[in-house]
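Listed here are the chains, written in short residue letters.
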Amino acid sequence: EMCIRDRAKEMMLKQLLMPEAKERLAGIALVKPEKAAMIENMILQEAQMGKITTKLTDQQLIAKIQDFDSKTEATTVQISHKIRDQEDDIDLSGLQPVSYTHLRAHETSLHLVCRLLLEKKK
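Since the structure is predicted, the reported quantities are computational estimates derived from the model, not experimental observations. (Residues numbered from 1 in each chain as written. Predicted model: local features only at pLDDT ≥ 70, side-chain atom pairs only at ≥ 80, totals over all residues. Heavy atoms only, no water.)

Draft legend 1. Seen up close, helix α2 (residues 19-31). With 13 residues, α2 should cover 18 Å at 1.5 Å per step; its first-to-last C-alpha distance of 19 Å lies within 8% of that length. Within the sequence span of α2, burial applies to A21, L25 and I28. Each buried residue of α2 lies within a common arc of 55° when the element is viewed along its axis, so the set occupies one face. Of the residues in α2, the exposed ones pointing more than 90 degrees away from the buried face are E23 and L30. (Helix = DSSP H or I, 4+ residues; strand = E, 2+ residues; numbered from the N terminus. Expected span 1.5 Å × (residues − 1). Buried < 20%, exposed > 50% of the residue type's maximum accessible area, 1.4 Å probe, protein only. Arc of directions from axis to C-beta.)

Draft legend 2. Broad picture of helix α3 (residues 33-48). Taking 1.5 Å per residue, 16 residues should reach 22 Å; α3 reaches 22 Å between its end C-alpha atoms and fits that length. Taken residue by residue, α3 has K35, A36, I39, E40, M42, I43, L44 and E46 as its buried positions.

Draft legend 3. Expanded view of the environment of I52. Checked against the element boundaries, I52 lands in the loop between α3 and α4 (58-73). Beyond its immediate stretch of four places on either side in the chain, I52 contacts L16, I43, E46, A47 and K64. (Contact = heavy atoms within 4.5 Å.)

Draft legend 4. Geometry of the nonpolar core. Counting 16 residues, the largest nonpolar core has L17, L25, I39, I43 and L61 as its most contacted members. Contributing elements (two or more residues each) for this core: α1 (2-16), α2, α3 and α4. Among the elements that take part in this core, α3 stands out by supplying 5 residues, more than any other. Sequence-distant contacts of I39, defined by excluding residues within four places in its chain, comprise L25, L61, I65 and F68. (Core = buried A, V, L, I, M, F, W, Y, C linked by side-chain atoms within 4.5 Å.)

Draft legend 5. Broad picture of the confidence of the model for the protein chain. Of the residues in the protein chain, 70% have a pLDDT of 70 or more, and the chain-wide mean is 80. Mean pLDDT per element in the protein chain: helix α5 (residues 100-105) is the minimum at 72, and α2 is the maximum at 94. (pLDDT = per-residue confidence, 0-100.)

Draft legend 6. Local environment of the side chain of K35. Summarising the element assignment, K35 is placed in helix α3. Apart from the residues lying within four places of it in its own chain, the contact partners of K35 are I28, I65, F68 and D69.

Right, dumping it as structure tokens:
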């Protein structure tokens, strides 16, 4: 099933990218396979929405990669650690556990719930 999807994805990308652009994407995949996969998915989504009507040239792909990079760089997270003392201890004895679905239902842009990505083991 995965092989069929991979082949279909490869065929669609071949129809959407000029040879030089395809080579550039293959080079990225060698160094950063996750990034290449995200760029491929972005291209396929844009094609499905009708935003891509002709084969992308190498320069057009570079512009899309730069746009992708600017969007992903803006989402960095800075974590600061605080040294705790005994006055900072919180009494958790009266609290009950809640489900992940419950946490997501109360999620806001200020209070994000940590999301786990689970993959099926082969």
